[in-house]
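# Tertiary structure, described
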Amino acid sequence: MAKFLKFFGIGLIIMVLTIFNIGLSYLLPYPFNKINILFIVIIIFILWKNSGTIIWFTFFSHLLLELFSTTPFGIILFSSTISVLFTYWLYQEIFTNRSLLSTVAIGFFALFFYRLFYMLLLILAKSFSLIINIPWQSIFITFFWEFIFTLSVLAIIYFIISKLSRRFNTTIIESGLFKI
């Protein structure tokens with residue numbers, strides 16, 4: 001029964017966060033609507049739990065997000081899951097502490113790889129004639145605002161949480177090749 005309640009609770013959290021992410025994109029004025037709430041929560045969760053279950057969280061949250069997307073199915077899902085997998089590896093092996101600078105760097109790389117894979121898959125979809133036109137100018141403007149606002153909000157939230165919680169101190173994680 002406890003496992004069922006935990007599974008149900010995680011599913012409910014995924015749905016609420018995805019709805020919150022979509023809702024904010026419609027409610028906030030431009031360019032504040034480009035804040036990626038899901039990636040902020042994912043980065044904070046990586047730092048907080050240091051667990052690979054965040055990959056599944058990313059998969060299911062972006063699976064729900066994919067249902068409301070105008071791109072061909074799988075582009076957002078694949079881009080987000082692979083970028084968070086790579087970001088988790090970066091956190092484990094390169095950025096091994098929980099400082100504000102490491103948090104912003106992890107957030108930057110997560111968004112960078114997400115958008116890199118997203119653009120590559122758009123080009124692939126265009127080569128198979130799944131989409132007709134790729135509006136590159138609006139895509140790059142959107143990416144710029146997403147980087148600025150998502151990383152700013154991530155830094156603010158991390159700073160607040162680090163002052164309130166002992167779990168987010170700047171101690172070095174045990175695993176990793178390089179210690180920053």
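Please refer to the structure higher up on the page.
Reference entry: report on the structure contained in this document.

### A short note on the packing of helix H3 (residues 54-66) against helix H4 (residues 75-93)
- Interaxial distance between H3 and H4 falls to 8 Å at its minimum, and their mutual angle equals 160°. As far as their axial angle goes, H4 and H3 are roughly antiparallel. Crossing hand, H3 versus H4: right-handed. Across the interface between the two elements, Ile54, Ile55, Thr58, Phe59, His62, Leu63, Leu65 and Glu66 of H3 pack against Ile75, Ile76, Leu77, Ser80, Thr81, Val84, Leu85 and Tyr88 of H4.
- Of the residues that constitute the contact of H3 with H4, the class distribution is eleven nonpolar, four polar and one charged.

### Considering unusual backbone geometry
- For the bond from tyrosine 30 to proline 31, the omega torsion is 0°, close enough to zero to count as cis.
- Along the polypeptide, proline 31 turns up in the loop between helix H1 (2-27) and helix H2 (37-49).
- One non-glycine residue with positive phi stands out, namely asparagine 50, at about 55°.
- For asparagine 50, the position within the fold is in the loop between H2 and H3.
- Of the residues examined, asparagine 50 reaches a relative accessible area of 24% and is grouped as partly exposed.
- At serine 129, a position not held by glycine, the phi torsion is positive, near 60°.

### Some points on a nonpolar patch on the surface
- Nonpolar side chains collect at one region of the surface, where Met1, Phe4, Leu5, Phe8, Leu12, Met15, Val16 and Ile19 lie side by side and expose about 890 Å² of accessible area between them.
- In this fold, phenylalanine 8 is placed in helix H1.

### Some thoughts on helix H6 (residues 136-164)
- Taking 1.5 Å per residue, 29 residues should reach 42 Å; H6 reaches 41 Å between its end C-alpha atoms and fits that length.
- All buried positions along H6 are accounted for by Ile139, Phe143, Glu146, Phe147, Phe149, Thr150, Leu151, Leu154, Ala155 and Tyr158.
- In the core, the buried residues of H6 are packed alongside H2 and helix H5 (100-127).

### Thoughts on the packing of aromatic side chains
- In this structure the tally under the stated criterion is 24 aromatic pairs.
- Both rings, one in phenylalanine 78 and one in phenylalanine 117, keep their centres 6.5 Å apart while their planes meet at 70°; by these two values the pair is edge-to-face. Here the residue phenylalanine 78 occupies a position in helix H4, and phenylalanine 117 occupies one in helix H5, the gap between them amounting to 39 residues.
- Owing to a relative accessible area of 42%, phenylalanine 78 belongs among the partly exposed residues under this scheme.
- Chaining the aromatic ring pairs together yields one cluster made of Phe78, Phe86, Trp89, Phe95, Phe108, Phe109, Phe112, Phe113, Phe117 and Phe147.
- Note that lysine 49 overlies the ring of tryptophan 48, its terminal NZ or CZ placed 5.0 Å from the centroid.

### What about the pattern of salt bridges?
- Counting across every chain of the model gives one salt bridge.
- The partner of arginine 115 in a salt bridge is glutamate 146, and the shortest N-O contact between them spans 2.7 Å. On the criterion of sequence distance, the pair formed by arginine 115 in helix H5 and glutamate 146 in helix H6 is long-range, its members being 31 residues apart.
- We classify arginine 115 as buried; its relative accessible area is 12%.

### Quick notes on a positive patch on the surface
- Taken together, Lys3, Lys6, Lys49 and Arg167 make up a surface patch of like positive charges.
- Assignment of secondary structure puts arginine 167 in the segment after H6.

Each value, and the rule that gives it
- Residues numbered from 1 in each chain as written.
- Predicted model: local features only at pLDDT ≥ 70, side-chain atom pairs only at ≥ 80, totals over all residues.
- Heavy atoms only, no water.
- Axes fitted to C-alpha atoms, helices over the stretch in contact; angles between N-to-C directions.
- Helix = DSSP H or I, 4+ residues; strand = E, 2+ residues; numbered from the N terminus.
- Parallel < 35°, antiparallel > 145°, perpendicular 65-115°, else oblique.
- Left-handed = near helix turned anticlockwise from the far one by under 90°.
- Contact = heavy atoms within 4.5 Å.
- Nonpolar A, V, L, I, M, F, W, Y, C, P; charged D, E, K, R; others polar.
- Buried < 20%, exposed > 50% of the residue type's maximum accessible area, 1.4 Å probe, protein only.
- Patch = residues over 30% accessible without salt bridge, like charges linked within 9 Å, V, L, I, M, F, W, Y side chains within 5 Å.
- Areas by Shrake-Rupley, 256 points an atom, 1.4 Å probe, with all protein chains shown as cover.
- Salt bridge = Lys/Arg side-chain N within 4 Å of Asp/Glu carboxyl O.
- Expected span 1.5 Å × (residues − 1).
- Phe/Tyr/Trp six-rings, centres within 6.5 Å; stacked < 30°, edge-to-face > 60°.
- Lys NZ or Arg CZ within 6 Å of the ring centre and 35° of its normal.
- Lys, Arg positive; Asp, Glu negative; His and termini not counted.
- Charge placed at Lys NZ, Arg CZ, Asp CG, Glu CD.

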